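Residues per chain, in single letters:
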Amino acid sequence: MQIPQSFLEAQAAAFQDKSITLLATVTTTGSLGSATVSPGADISAYACNVQYVADKLIAEQYGLELGRDIIVTAAALPIEKGAFIRYADVTYRVVEAPRYDSHVELLAKRVVA
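First, a word on what this report is: a plain description of the structure on this page. (Residues numbered from 1 in each chain as written. Predicted model: local features only at pLDDT ≥ 70, side-chain atom pairs only at ≥ 80, totals over all residues. Heavy atoms only, no water.)

**A closer look at the overall build of the protein**
Line of reasoning, step 1. From N to C terminus, the protein includes 2 helices and 6 strands.
Line of reasoning, step 2. Each helix (α) and strand (β) of the protein, taken in turn from the N terminus, gives the series α-β-β-α-β-β-β-β.
Line of reasoning, step 3. In terms of its C-alpha atoms, the protein occupies a principal-axis envelope of roughly 55 × 30 × 30 Å.
Line of reasoning, step 4. The 113 residues of the protein split such that 33% are buried.
Line of reasoning, step 5. Here the analysis covers contacts within the protein between residues at least 6 apart in sequence; of these, 49% occur between residues at least 24 apart.
Line of reasoning, step 6. Of the roughly 6,800 Å² of accessible surface on the protein, 54% is carried by carbon and sulfur atoms.
Line of reasoning, step 7. Taking the 9 positively charged and 12 negatively charged side chains of the protein as two groups, their mean positions are separated by 7 Å. (Helix = DSSP H or I, 4+ residues; strand = E, 2+ residues; numbered from the N terminus. Buried < 20%, exposed > 50% of the residue type's maximum accessible area, 1.4 Å probe, protein only. Contact = heavy atoms within 4.5 Å. Areas by Shrake-Rupley, 256 points an atom, 1.4 Å probe, with all protein chains shown as cover. Lys, Arg positive; Asp, Glu negative; His and termini not counted. Charge placed at Lys NZ, Arg CZ, Asp CG, Glu CD.)

Shown next, in the form of structure tokens:
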């Protein structure tokens with residue numbers, strides 16, 4: 001089944017009223033050769049729908065915390081698992097990024113500074 005473009009546009013106009021920012025990923029190598037990643041500068045912003053995690057099963061399945069971590073949905077996002085994003089001045093790391101025929105979903109865990 002193919003979803004009409006008019007449906008995707010109507011869905012985006014109604015629900016994608018928030019904005020997230022994709023951040024660069026900075027890799028640092030320690031003195032013993034171990035690599036660590038951290039968020040860097042802003043790359044680009046995307047319109048989307050953002051919800052705080054409220055489903056206990058999803059939280060347990062992906063190691064997320066209720067009311068603290070987020071789920072982002074949009075018609076399309078060029079963001080992959082492991083990327084850093086910012087929403088409402090808080091930085092998150094994408095722990096899963098499933099793609100569906102109608103939308104993209106990001107499950108993201110808050111980064112503790």
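**Notes on the pairing of strand 1 (residues 18-29)**
Line of reasoning, step 1. The pairing of strand 1 with strand 2 (residues 35-52) spans 11 bridges and is antiparallel. By the bridge assignment for strand 2, Ile-20 is matched with Tyr-46.
Line of reasoning, step 2. Counted along the chain from strand 1 to the antiparallel partner strand 2, the turn is 5 residues long, and its residue Gly-33 has a positive phi close to 95°. (Pairing = 2+ DSSP bridges.)

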